[in-house]
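Given next are the chains, with one letter for each unit.
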Amino acid sequence: IKSEQGRAAQWLRDANDRAGRVYYNLQVARWVYATNITKFNGERQHNASIMSAEFDREAAENATSFAWENFTDSDLRRQFRKISDVGSAALLRKDKAKYERLISLVTKMETTYSEGQVCDKKGTCLDLEPGLTRLMATSRNYSELLDAWKGWRDATGRKIRDDYKEFVSLSNEAAVENGYRDTGDYWRSWYDTADFRDQLEQLYEEMKPLYLNLHAYVKNKLKAKYGESLFPPSGHIPAHLLGNMWAQSWNNIFDIVEPFAGKPSVDVTPKMKELNYTPRRMFNISDEFFTSLGLEAMPQEFWDHSMLEKPTDGRKVVCHASAWDFYNKKDFRIKQCTDITMDDLITVHHEMGHVEYYLQYKEQPVVYRRGANPGFHEAVGDVLALSVSTPTHLKEIGLLDNVTNDNESVINYLMSIALDKIAFIPFGYLMDQWRWGVFNGSIKFEEYNKEWWKLRCKYQGVSPPIHRNESDFDPGAKYHIPANTPYIRYFVSYVLQFQFHEALCNTANQTGPLHMCDIYRSTEAGAKLGNMLKLGSSKPWPEALEKVTGTRNMSANAILLYFKPLIDWLKVQNQGQTITWSEECPIEYYTT
Ligand SMILES: CC(=O)N[C@@H](CC(=O)O)C(=O)NC[C@H](CC1(C(=O)N[C@@H](Cc2ccc(O)cc2)C(=O)O)CCCC1)C(=O)O
Ligand SMILES: [Zn+2]
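The structure displayed is predicted, hence computed values, not measured ones. Each residue is numbered by its place in its chain's sequence as written, counting from 1. By the order in which they are written, chains take letters starting at A while ligands take numbers starting at 1. Given that this is a predicted model, residues contribute local features only at a pLDDT of at least 70 and side-chain atom pairs are listed and counted only at 80 or more, while totals for whole chains, interfaces and linings are drawn from all residues. To get the side-chain values, take all heavy atoms of the structure and skip hydrogens and water.

### Digging into the overall build of the chain
Which entries qualify depends on this criterion: Secondary structure elements are defined from DSSP: runs of H or I of at least 4 residues count as helices, runs of E of at least 2 residues count as strands, and each element is numbered from the N terminus. Classification of residues uses two cut-offs on accessible area relative to the type maximum, computed with a 1.4 Å probe and protein chains only: under 20% is buried, over 50% is exposed, and between them is partly exposed. Every residue pair with non-hydrogen atoms within 4.5 Å of one another is taken to be in contact. To measure how exposed things are, a 1.4 Å probe is used in the Shrake-Rupley method; for residues, cover is taken only from the protein chains shown. In this charge count, Lys and Arg are treated as positive and Asp and Glu as negative; neither His nor the chain ends contribute. Where a charge lies is defined by one atom per residue type, namely NZ (Lys), CZ (Arg), CG (Asp) and CD (Glu).
Tallying secondary structure elements over the chain gives 24 helices and 6 strands in all. Taken along its principal axes, the extent of the C-alpha atoms in the chain is 75 × 55 × 50 Å. The 592 residues of the chain split such that 60% are buried. The contacts of the chain with a sequence gap of at least 6 include a subset with a gap of at least 24, amounting to 78%. Just so you have it, the chain exposes about 23,600 Å², and 49% of that area is on carbon and sulfur atoms. The distance from the centre of the 71 positive side-chain charges to the centre of the 78 negative ones in the chain is 2 Å.

### Considerations on helix α7 (residues 142-155)
Formally: Helices are assigned an expected span. That span is 1.5 Å times one less than the residue count. We call two N or O atoms a polar contact when they sit within 3.5 Å, provided that within protein one can donate a hydrogen and the other can accept it, with sequence-adjacent residues counted only if both atoms are side-chain atoms.
Relative to the 20 Å expected for 14 residues at 1.5 Å per residue, α7 spans 20 Å between its end C-alpha atoms, a close match to the ideal helical length. Taken as a whole, α7 has its buried residues at Y142, L145, L146, A148, W149, G151, W152, R153 and A155. Of the residues that open α7, the one with a side-chain oxygen 2.9 Å from the backbone nitrogen of S143 is N141.

### Things to note about the site of ligand 1
To keep it simple, the criterion reads: We call a residue near a molecule or strand whenever a single non-hydrogen atom of that residue lies within 4 Å of it.
Lining the immediate surroundings of ligand 1 are 17 residues, of which H320, Y358, K478, Y487 and Y490 lie closest. Within the contact set of ligand 1, an oxygen atom lies 2.8 Å away from a side-chain nitrogen or oxygen of E351. Between E378 and ligand 1, the recorded distance is 2.9 Å, taken from a side-chain N or O atom to an oxygen atom. Within the complex, 81% of the 740 Å² of free accessible area of ligand 1 lies under protein. Within the residue set of the shell around ligand 1, elements represented by two or more residues are β4 (322-325), α15 (342-360), α16 (374-388) and α20 (488-507). For the shell around ligand 1, the leading source of residues is α15, giving 5 residues.

### With respect to the state of the cysteines
For clarity, the cut-off: Criterion for a disulfide: a pair of cysteine sulfur atoms at a distance within 2.5 Å.
Enumeration according to the criterion identifies 4 disulfides in this entry. Each disulfide pairs two cysteine sulfurs, and for C119 the partner residue is C125, the sulfurs being separated by 1.9 Å. The sign of the S-S torsion, about 105°, decides the handedness of the disulfide formed by C119 and C125: right-handed. For C125, a relative accessible area of 34% corresponds to the partly exposed category.

### Quick look at the pattern of salt bridges
Definition in use: Any carboxyl oxygen of Asp or Glu within 4 Å of a side-chain nitrogen of Lys or Arg constitutes a salt bridge here.
This structure, assessed with the given rule, holds 35 salt bridges. Here R161 makes a salt bridge to D162, at a shortest N to O gap of 3.7 Å. The class of R161 is buried, set by a relative accessible area of 16%. Between E363 and K329 there is a salt bridge, with the nearest N and O atoms lying 3.3 Å from each other. In this pair, E363 is assigned in the loop between α15 and α16 and K329 in the loop between β4 and β5 (332-335), connecting sequence segments 34 residues apart. Of the residues examined, E363 reaches a relative accessible area of 57% and is grouped as exposed. Through salt bridges that share partners, E54, R57, E61 and K96 make up one connected network.

### Regarding the coordination of the zinc ion (ligand 2)
Formally: Only N, O and S atoms count as donors, using a 2.8 Å limit from the metal and a wider 3.2 Å limit for Na, K and Ca, and since water is excluded some coordination spheres may look unfilled.
Coordination of the zinc ion (ligand 2) by the protein comes from H350 (NE2), H354 (NE2) and E378 (OE), over a distance range of 1.9 to 2.0 Å. Expressed as a motif, the donor residue spacing for the zinc ion (ligand 2) is H-x3-H-x23-E. Of this pair, H350 sits in helix α15 while E378 sits in helix α16, and the two are 28 residues apart along the sequence. Both residues of the pair, H350 and E378, count as buried.

### A short note on the environment of T124
Mapped onto the elements, T124 comes out in the loop between β1 (117-119) and β2 (125-127). On the basis of relative accessibility, which here comes to 46%, the residue T124 falls in the partly exposed class. The residues touching T124, leaving out its near neighbours within four places in the chain, are V118 and C119. A polar contact of 2.6 Å, which involves the side chain of T124, links it to the side chain of D120.

### Section: a negative patch on the surface
Counted only if it meets this: Like-charged residues within 9 Å of one another, or nonpolar side chains (Val, Leu, Ile, Met, Phe, Trp, Tyr) within 5 Å, are grouped into patches, provided each residue has over 30% relative accessible area and no salt bridge.
Taken together, the side chains of D195, D198, E201 and E205 present a region of like negative charge at the surface. With respect to the element layout, E205 can be found in helix α10 (residues 196-226).

### What about helix α6 (residues 128-138)?
For α6, every residue scored as buried is listed here: L128, G131, L132, L135, M136 and A137. Summarising the contacts, the buried residues of α6 are in contact with α5 (96-114), β1, β2 and α7.

### Notes on the nonpolar core
For clarity, the threshold we go by: Joining through side-chain atoms within 4.5 Å is the link that ties buried Ala, Val, Leu, Ile, Met, Phe, Trp, Tyr and Cys residues into a set, and such a set is a nonpolar core.
The biggest cluster of nonpolar side chains holds 187 residues, and the ones touching the most others in it are Y164 and F563. It is helix α18 (residues 407-439) that contributes the most residues to this core, 20 residues altogether. The residues touching Y164, leaving out its near neighbours within four places in the chain, are M109, W434, R435, V438, F439, Y448, F473 and I481. A8, A63, F80 and Y368 belong to the second-largest nonpolar core, a separate cluster that totals 15 residues.

### Considering the confidence of the model for the chain
Selection rule: The quantity known as pLDDT measures the predictor's confidence residue by residue, on a range of 0 to 100.
Averaged over the chain, the pLDDT score is 96; the fraction of residues at 70 or greater is 99%. Overall fold confidence (pTM) sits at 0.97, and the ipTM for the predicted complex is 0.99.

### Some remarks on the pairing of β4
As a reminder, the rule being used: When DSSP locates at least two bridges between a pair of strands, those strands are taken to pair.
Alternating positions in β4 separate into two faces, S322 and W324 on one and A323 and D325 on the other, with burial throughout. Here 4 bridges tie β4 to β5, and the two strands are oriented antiparallel to one another. From the neighbouring strand, A323 faces β5, where its bridge partner is I334. Joining the antiparallel neighbours β4 and β5 is a turn of 6 residues, in which Y327 adopts a positive phi near 60°.

### Some thoughts on the packing of helix α2 (residues 39-63) against helix α3 (residues 74-84)
In helix packing, the relevant descriptors are the interaxial angle and the interaxial distance, both defined with respect to the helix axes. Counted only if it meets this: Note on geometry: axes are C-alpha line fits, over the in-contact stretch for helices, and angles between N-to-C directions span 0 to 180 degrees. Roughly parallel means an angle under 35 degrees; roughly antiparallel, over 145; roughly perpendicular, 65 to 115; everything else is oblique. Here a crossing is called left-handed whenever its near helix is offset anticlockwise from the far helix by less than a right angle, and right-handed whenever the offset is clockwise. Ten residues, namely Ala, Val, Leu, Ile, Met, Phe, Trp, Tyr, Cys and Pro, are considered nonpolar, four, namely Asp, Glu, Lys and Arg, are considered charged, and the remaining ones, Gly among them, are considered polar.
The contact between α2 and α3 brings their axes to 8 Å, and the two run at 135°. In terms of their interaxial angle, α2 and α3 are classed as oblique. Considering how the two elements wind past one another, α2 and α3 form a crossing that is left-handed. From α2, A59, A60 and A63 reach across to α3, where they touch F80, I83 and S84. Taken together, the residues of the contact of α2 with α3 sort by class into 5 nonpolar, 1 polar and no charged.

### Thoughts on the packing of aromatic side chains
For clarity, the cut-off: Centres within 6.5 Å make a pair out of two Phe, Tyr or Trp rings, where for Trp the six-membered ring is used; the pair is then stacked when the planes are under 30 degrees apart, edge-to-face when over 60, and tilted otherwise.
According to the stated counting rule, one finds 54 aromatic pairs in the structure shown. Ring geometry for W31 versus W324: centroids 5.3 Å apart, planes at 85°, classification edge-to-face. Taken together, the residues W31 in helix α1 (residues 2-34) and W324 in strand β4 connect sequence positions 293 residues apart. Of the two residues, W31 and W324, both sit in the buried class. Consider the rings of Y113 and W152, whose centres lie 5.1 Å apart with planes at 85°: the pair is edge-to-face. Here Y113 is found in helix α5, whereas its partner W152 is found in helix α7, with 39 residues between them in sequence. For the pair shown, Y113 and W152 are each scored as buried. Each residue in the set Y164, F167, Y180, Y186, W187, W190, W434, F439, F445, Y448, W452 and F473 is aromatic and connected to the rest through ring pairs, giving one cluster.

See the structure below:
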C-alpha cells in the first residue's frame, strides 16, 4: 500500500498542476466576459466552462484507479475525496447537452440581471449600480421608491422565472448524478456538519430577540416619517422603505432612525466626497490595513489588472462586485463598480478579504485553495471592516473630525453597525431556506413567489408594498439567484466574523468594549489570522476556527456581546410596544 500511496501522491501533484492551468484559463474567460459582455465573450466563457468541467470529470475518473479510501495518509484521502466530488460536472458523464444547457441558463439569467434597467416616464433609465442603488439609499419619496422597487423586479425576476424552473431540474439532475439528494444537499455538504440546519436554526433563534427589537424601533421611526396609514396592520414594514433594494441592510436610513441627533455623524460618505476620494484611494486604505497586520499586500498584477470602477467606454459589465483567484499564484483581481460611499468602502474591504485569503493559501494544492468552509471566505474582509468602522479608526484615517464616546454616541454608533449586521441576519438566513425548499421539491414552481414572500414576511417582517402574484418572481431580482451563488455562507459569516473579531481583539490586547476594538497594526492578531487563512480547506473547518478562537463551534455570543449596550437601550425604547408581527403576510399583499 506504501508504494501505491507514493504513486498516488505523484499523481495528485500532477493533477493539481494541471488543474491550476485549466482553472486559470477558465477564470480568464470568465473575467473577460464579466468585464465586457458580448456574444463572442459569452461563447468563449461557455467553452472554457465545458473544458474545465471535462477536466474535473476526467480527474475524478482517474482518481478511481487508486484505492484511496484505504490509504493511511489522511491528507491523501482528503485530497482524493475532494477531487472525486465534481459538482454539476457530473451531468457531463450522463448527458453533455444537458450540462451545456445548465450552464448556458445560468449565464443567460445572470446577463439578464446585469443588463436590468428601470426607465421613468421621461425615458431616463437607471442601472442597478449606481443609479437604483443610490435612489433606494437616498430617496425619501414613498412612490418614487415604489416605482424603482417594482421596476427592478419587472426588469429582472419576471424575465427569468421560466429559465429558473428549468435550471432547478437540471441542477438537481446533476446533483443526483454526483451522489446527492438534490442541489441543496450538495451545497450543505461543503460544511461537512451533520446537524448543520439545526445549528443554523439555533443561531437564528439566539439572534432573533435583537432583530425583533431593532425592527420595532425602526418601524416606529419609519411610521413617523412616512405616516402610519402606509403600514399594514399586520406589523410588517413595506419592503421598499429600508434604504436597500432587498431590505437586507438598513444603514442608508440611519438619518431617519438616528437615536441621538446632534452627535458627530458616523456616516463618512459626505466626508469622502468632500476629500475627493477616488476608488483607488479606497483600495489603498484597505490594502494598508492588511499590511499593517503583517498580512500580504496586493501584488502588482492586482493593481494592473483589476477593474476598480464602472467603465465609461460603453462596455457592458457585470457590476456586482467580485474577487478573483486565477490559480497561478500570481494573478488576483477585484472587479467592482466602486461608488464613493461608506457602503462601498466596506465592500472594498470585503472583496480584499477574499484576495487576502487567496494570497495566504496560494501554496496549497489547488484542491485546497478554498475557504475552510464558504462562510470563512465571506468573513475575512468583514472582520477588518469592523475595526475600520470604529469612530477612532475613521478619525485616524481622516474621515472623522472628532470622536465623542459618551453613551449617546456609543448608541448612535452601535445603531449604525446594527442597521447593517443585525438587519441582515433574517435575510441571510431565508435566502437559502427558500432555495433549499425549491431544490428538495417542498416549494413548487406554482408557488415560488408565494413561498418567497411567506419567508420574507415570517423572518424579516417586511411585506410587499404592492400586490404580488405568480407571474412575478421576486427571488430572481436578487443577484445570487440568477447567478446561482449560494447564500447561507453570508449568514455563517455574520456569526463567525464576530467570533474572529473578539478573538483577534484579545490577541491585540484591546481591553475596551468589543464594539470599540480596532486591531489596526496588531501583527500578533495578523499572524493568528494569517496562520488560519494559510490552511485553506486542508483541514476540517472546526480545526481552523479553533486556531483563531479556541472553540470548535459557531456561537452567537460574540455578536450579542458586541451589541449588548444597544440591546439594553432598545428594550427600554420598545417598552410596552408589540415587537412582533403576524407570521402571515398582510392578507391583500398590498397597502390600500
Ligand atoms: C469569482 C467569485 O465569484 N468570487 C467570489 C468570492 C469567492 O468566493 O472567492 C465573489 O467575489 N463573490 C461576489 C460577492 C459580492 C458581494 C455580495 O454578493 N454580498 C452579498 C452579502 C453581503 C452584503 C454586504 C456585505 O458587507 C457582505 C456580504 C450581497 O450583496 O447580498 C457584493 C458586495 C459584498 C460582497 C462576494 O464578494 O461575496
Ligand atoms: Zn464575499
